[in-house]
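Okay, here's what each chain looks like letter by letter:
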Amino acid sequence: MIKTKAYAAQSANVPLTPFEFERRPVGDHDILIEILYCGVCHTDIHAVRNDWGGTMYPIVPGHEIIGRVIQTGKAVTRFKINDISGAGYLYDSCRHCYQCAHDAEQYCENGITPIMGGQERETGAPLYGGYASKLVIDERYAVKVPAALPLAAAAPLLCAGITTYSPLKYIKAGPGHKIGIAGLGGLGHMAVKFAKALGAEVTVLSTSTAKEQDAEKLGADHFVWLSDLEAIKTLYGHFDFIIDTISAPHDYNIYVNLLKVNGSLILVGLPGTPLQLDVSGLIFKRRSISGSLIGSIHETQEMLEFCAEKNIVADIEIIPVSRINEAYERMIKGDIKYRFVIDMATL
């Protein structure tokens, strides 16, 4: 077993504190990663605070992991010692269903195994995430990090990046498309960068006028304040697609009405309350609402190569792990542009 230092929550209502546990031994197909950086995602907060139910404690959050390979199993072929590797939310899947066989393992028909808060498929042992010193993972669920990417700023690509890249690639976003980005946080700022890099016309849709300059800096072509009712009316039927990155409860009907005939609202944020919808907005314009979950390992690797080519990384603030509880509170207040990243050397 591999002794590992971490930060964990022991229950939903207490701060994260230092924690020690043991990772499983390195198997034939596994790599052992010394974690260098871990991004802080709003999903971490939801899990720690049991917002969605079912959290098993103690929980070590973290699923935007960048590190150095320090050991490989004897059957490993894709990695060698000192390679820089990444791991995201997807720790494992069944590996034999249709989705797993067609590079869509994030939609595994038998359910994915999350890297934090899940359980090992074979042993049922608890899985602890990336606010930790080490990670053992099957090489099939890890990715190579291109040398051109700065490591700390690349960490959020393993969730915020792939979560927004995947739907944009699925809809074949590109020149001629008018794409709205709802929300300008950790996910939204990556969606703006990707949509623009793919050649689309990009509009940020926000409830905060304070984010207009940020939207421009990130490359957006337009900014719309959603409380400006006159501006909203001019955009009815305007967008081919809207990527909704908002994780708090909000009115989806506003965005549906901004879509063209055959337009689609794509949800990547995950609020804790059920969607309330006037379906006439869909029926009379043949609009649709869909969702998208992270991305496959193959797609994640493709995204990293795209980011290296286009010089795309997250906008980050690096923190020591001792400030993680403060970071959570600041995230809830929206006081971050746009992603915290933990320097795990501070553990």
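We now turn to the structure provided with this report.

Parameters and conventions
- Residues numbered from 1 in each chain as written.
- Predicted model: local features only at pLDDT ≥ 70, side-chain atom pairs only at ≥ 80, totals over all residues.
- Heavy atoms only, no water.
- Helix = DSSP H or I, 4+ residues; strand = E, 2+ residues; numbered from the N terminus.
- Rg over C-alpha atoms; globule rule 2.2 N^0.38 Å.
- Buried < 20%, exposed > 50% of the residue type's maximum accessible area, 1.4 Å probe, protein only.
- Contact = heavy atoms within 4.5 Å.
- Areas by Shrake-Rupley, 256 points an atom, 1.4 Å probe, with all protein chains shown as cover.
- Lys, Arg positive; Asp, Glu negative; His and termini not counted.
- Charge placed at Lys NZ, Arg CZ, Asp CG, Glu CD.
- Pairing = 2+ DSSP bridges.
- Axes fitted to C-alpha atoms, helices over the stretch in contact; angles between N-to-C directions.
- Parallel < 35°, antiparallel > 145°, perpendicular 65-115°, else oblique.
- Nonpolar A, V, L, I, M, F, W, Y, C, P; charged D, E, K, R; others polar.
- Polar contact = N/O pair within 3.5 Å; in protein donor to acceptor, adjacent residues only side chain to side chain.
- Left-handed = near helix turned anticlockwise from the far one by under 90°.
- Salt bridge = Lys/Arg side-chain N within 4 Å of Asp/Glu carboxyl O.

## Brief notes about the overall build of the protein
Along its length, the protein carries eleven helices and 17 strands. Radius of gyration (C-alpha) of the protein: 20 Å, near the 20 Å computed for a compact globule of 347 residues. Projected onto its principal axes, the C-alpha coordinates of the protein cover approximately 60 × 40 × 35 Å. The burial tally for the protein puts 54% of its 347 residues in the buried class. Of all intrachain contacts in the protein linking residues separated by at least 6 positions in sequence, the fraction that spans at least 24 positions is 66%. Accessible surface, the protein: about 15,100 Å² in total, of which carbon and sulfur atoms supply 51%. The averaged location of the 38 negative side-chain charges in the protein is 2 Å from the averaged location of its 32 positive side-chain charges.

## Here's the deal with the sheet that holds strand β12 (residues 222–225)
Taken in spatial order, the six strands make up an open sheet running β12-β11-β10-β13-β14-β15, and their pairing is parallel. Whereas interior strands pair on both sides, the edge strands pair on one side only; in this sheet they are β12 and β15 (288–291). The mean inter-strand angle of the sheet, taken between neighbouring strand axes irrespective of direction, is 20°. Along the sheet, helix α5 (residues 186–197) contacts β10 (178–182) and β11 (201–206); its crossing angle with β11, the most-contacted strand, is approximately 165°.

## Here's the deal with the packing of helix α4 (residues 160–170) against helix α10 (residues 297–310)
Axis angle and axis distance: for two packed helices, these are the angle between their axes and the distance between the axes, and together they describe the pair. One way to put it is that α4 packs onto α10 with a least axis distance of 10 Å and a crossing angle of 95°. Taken together, the axes of α4 and α10 lie roughly perpendicular to each other. Here Gly161, Ile162, Tyr165, Ser166 and Lys169 of α4 come into contact with α10, specifically with Glu299, Thr300, Glu302, Met303 and Phe306. Classifying every residue of the contact of α4 with α10 gives four nonpolar, three polar and three charged.

## Description of the side chain of histidine 46
Along the chain, the position of histidine 46 falls in helix α1 (residues 42–48). There is a polar contact of 2.8 Å between the side chain of histidine 46 and the side chain of aspartate 51. Once residues within four sequence positions are removed from consideration, histidine 46 is found in contact with Asp51, Trp52, Ser247 and Leu270.

## Brief notes about the packing of α4 against α5
Relative orientation of the contacting elements α4 and α5 amounts to 45°, with a least axis distance of 8 Å. Classified by the angle between their axes, α4 and α5 sit oblique to one another. By crossing handedness, the relation of α4 to α5 is classed as right-handed. Along the contact surface, α4 presents Ala160, Gly161, Thr163, Thr164, Tyr165 and Leu168, while α5 presents Gly186, Leu187, Met190, Ala191, Phe194 and Ala195.

## Details of the pattern of salt bridges
A complete count under the given rule lists 19 salt bridges for this structure. Across the pair lysine 169 and glutamate 302 runs a salt bridge, and its minimum N-O distance is 4.0 Å. Here glutamate 302 lies in helix α10 and lysine 169 lies in helix α4, a separation of 133 residues in the sequence. Here lysine 169 falls in the partly exposed class, since its relative accessible area comes to 35%. Look at the salt bridges and you will find they share partners, linking Glu317, Arg323, Glu326, Arg330 and Asp335 into a network.

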